[in-house]
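What follows is each chain in one-letter form.
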Amino acid sequence: SANRAKSAFIANMSHELRTPLTAVIGYCELIEDELNDLGETGILGDLNKININARHLLGLINDVLDLSKIEAQKMDVHKVEFTLGALLHEIEAATGSLVAKNENTLSLQAEDPGLVLHTDDLKIKQILLNLIGNAAKFTTKGEIVLSAKSELVGNVPHVRFTLRDTGIGMTAEQVANLFQRFAQADQSTTRKYGGTGLGLALTRALSIMLGGSIEVPSEPGKGSVFNVLIPATYQPPAMPTNPQ
């Protein structure tokens, strides 16, 4: 009950935590625009660092708040209609600078781009962006491939998203710790690559929330593979009935 109370408190604090950072980012961008107009470009580099770090902090806070919302059962699924091709197009547009940072390349492959899904597109994008961001961090001058295909699971249509990279890979022991909150594969990766270890825990929680699952068949030195299986049509979980 104490854990649920903590999660509810953090979920309710979302507005108070996000608003100050959003103001910092907004005013930073306004000042950057004004300095550009005045031709005062000398301190734009410092402002850009403030902006980048504020956005990074906002991303970390968003991960904490999203996990807490899921724990407190305050996160809703918004079911909309969209195509697989449109989803991958948005993913490609959102990941350009992220993938290029370590000189990686990203290719997106859809077996049937016209496949229509009825689920929460924002949550699927969040899942895939987290996985691509994770792959880009642990891969240098390599290749990241995201493929998507339809698959029947117990006569229910699903979409299998498979993300492969040519990065450092993981041992079975590291994979076992992968989805623990506030933990990375091991201490050496935390020291070298940074991060809180929240992204993959959130990815797994969102996958389960949509009725899906995530698996990681990975070997050290052979890159990583993430398989995410999501129902093509979201079905709300059945409400438990109270025994008479």
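Coordinates for the structure precede this section.
Cut-off values and rules
Residues numbered from 1 in each chain as written. Predicted model: local features only at pLDDT ≥ 70, side-chain atom pairs only at ≥ 80, totals over all residues. Heavy atoms only, no water. Axes fitted to C-alpha atoms, helices over the stretch in contact; angles between N-to-C directions. Helix = DSSP H or I, 4+ residues; strand = E, 2+ residues; numbered from the N terminus. Left-handed = near helix turned anticlockwise from the far one by under 90°. Contact = heavy atoms within 4.5 Å. Salt bridge = Lys/Arg side-chain N within 4 Å of Asp/Glu carboxyl O. Buried < 20%, exposed > 50% of the residue type's maximum accessible area, 1.4 Å probe, protein only. Pairing = 2+ DSSP bridges.

Quick word on the packing of helix 3 (residues 44–71) against helix 9 (residues 199–209)
Part 1 of the argument: Relative orientation of the contacting elements helix 3 and helix 9 amounts to 35°, with a least axis distance of 10 Å. Crossing of helix 3 against helix 9: the hand is left-handed. Where helix 3 abuts helix 9, its residues Asp63, Asp66, Leu67 and Ile70 lie against Gly199, Ala201, Leu202, Ala205, Leu206 and Met209.

Some details on the pattern of salt bridges
Part 1 of the argument: Evaluation of the coordinates by the stated rule reveals three salt bridges.
Part 2 of the argument: Across the pair Lys123 and Asp120 runs a salt bridge, and its minimum N-O distance is 2.9 Å.

Things to note about the pairing of strand 5 (residues 156–165)
Part 1 of the argument: With respect to burial, strand 5 is a largely interior element, seven of its 10 residues being buried.
Part 2 of the argument: Of the pairings in the sheet, the one linking strand 4 (residues 143–153) to strand 5 comprises 10 bridges and is antiparallel in character. Bridge assignment links Ser150 to a residue of strand 5, and that residue is Val159.
Part 3 of the argument: Linking strand 4 to strand 5, which pair antiparallel, is a turn of two residues; within it Gly154 sits at a positive phi near 60°.
Part 4 of the argument: Bridge analysis of strand 5 against strand 7 (residues 225–231) gives seven bridges, and the strand direction is antiparallel. Of the residues in strand 7, the one forming a bridge with Arg164 is Val225.

Such coordinate-based values are descriptive only and should not be taken to indicate function.
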